[in-house]
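So the chains spell out like this:
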Amino acid sequence: MKKILILASAIVSVTFTSCLSAKNDFRFIAVEKQPNPPALVTEIPVVEYRDPGIKYEVESMYLHNLHVSYDKTASQQFAVRVLSEASYAQMKIKLPAGTFECLVNECASDPNHAAFYVCIDNEEFRVYPSNPPTGSWELTRRAPVYFTIDEPRTILVTIQPNSERKPGSTGMLLDYIQFIKYR
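Residues numbered from 1 in each chain as written. Predicted model: local features only at pLDDT ≥ 70, side-chain atom pairs only at ≥ 80, totals over all residues. Heavy atoms only, no water.

1. Remarks on the overall build of the protein
Consideration 1: Across its full length, the protein holds one helix and 13 strands.
Consideration 2: Going from the N terminus to the C terminus, the protein shows its helices and strands as α-β-β-β-β-β-β-β-β-β-β-β-β-β.
Consideration 3: Counting the 183 residues in the protein, one finds 38% classified as buried.
Consideration 4: Intrachain contacts of the protein at a sequence separation of at least 6 include 70% that bridge at least 24 residues.
Consideration 5: With an accessible surface of roughly 11400 Å², the protein has 54% of that area assigned to carbon and sulfur atoms. (Helix = DSSP H or I, 4+ residues; strand = E, 2+ residues; numbered from the N terminus. Buried < 20%, exposed > 50% of the residue type's maximum accessible area, 1.4 Å probe, protein only. Contact = heavy atoms within 4.5 Å. Areas by Shrake-Rupley, 256 points an atom, 1.4 Å probe, with all protein chains shown as cover.)

2. Looking at the side chain of glutamate 106
Consideration 1: For glutamate 106, the location among the structural elements is in strand β7 (residues 98-107).
Consideration 2: Here glutamate 106 occupies a buried position and makes no salt bridge, while the nearest side chain of opposite charge, arginine 142, is found at 8.9 Å.
Consideration 3: Apart from the residues lying within four places of it in its own chain, the contact partners of glutamate 106 are His113, Ala114, Phe116, Tyr128, Pro129, Ser136, Trp137, Glu138, Thr140, Met172, Leu173 and Leu174. (Lys, Arg positive; Asp, Glu negative; His and termini not counted. Salt bridge = Lys/Arg side-chain N within 4 Å of Asp/Glu carboxyl O.)

3. Topic: the packing of aromatic side chains
Consideration 1: For the structure shown, the criterion picks out six aromatic pairs.
Consideration 2: Both rings, one in tyrosine 49 and one in phenylalanine 100, keep their centres 5.3 Å apart while their planes meet at 80°; by these two values the pair is edge-to-face. Of the two residues, tyrosine 49 is situated in the loop between β1 (46-48) and β2 (54-57) and phenylalanine 100 in strand β7; the sequence distance between them amounts to 51 residues.
Consideration 3: Relative accessible area serves as the criterion here: at 8%, tyrosine 49 is assigned to the buried category.
Consideration 4: With a relative accessible area of 0%, phenylalanine 100 lands in the buried category.
Consideration 5: Between phenylalanine 100 and phenylalanine 147, the aromatic rings sit 5.6 Å apart at their centres with planes inclined by 25°, giving stacked as the arrangement. Taken together, the positions of phenylalanine 100 in strand β7 and phenylalanine 147 in strand β11 (residues 145-149) put the pair 47 residues apart, joining distant regions of the chain. Grouping residues by exposure puts phenylalanine 100 and phenylalanine 147 together as buried. (Phe/Tyr/Trp six-rings, centres within 6.5 Å; stacked < 30°, edge-to-face > 60°.)

Right, dumping it as structure tokens:
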């Protein structure tokens, strides 16, 4: 019995001593402080075009059924996820006469979660990233949107997963939309 008590005391002593010596080996994980997301917009924002172009954050658009989340690799550290077929984002832009190019910065994980539509007023344009998508942020250069405005006016821009003619996708992340005067 005395041997068992001595053996138990030795085990507790070794365990306690090794725990104390390991105290300096703890590694702490740094928790990144995330910025606050932008306030939700309650009305469709109106933006005026200025040269050399517009770069507008999707999270600053009027959002319906879209999720805003922190993404340190996004241009302003936030991105919008397209949740369902009913999701959309809208803004209005006052444009001068001319031809414009529109691209969207998108992060898609695969071709089944990549295609969506940019609507200029009621005209639908199917856009998507590279094929296959890179899984990181990329502009929709593979399918840019070109449109012409004959006289200065305000247009309605809608980003949505589907068109009346063809379904698109959900699940991708959207960062910003840009407009550049092409001619």
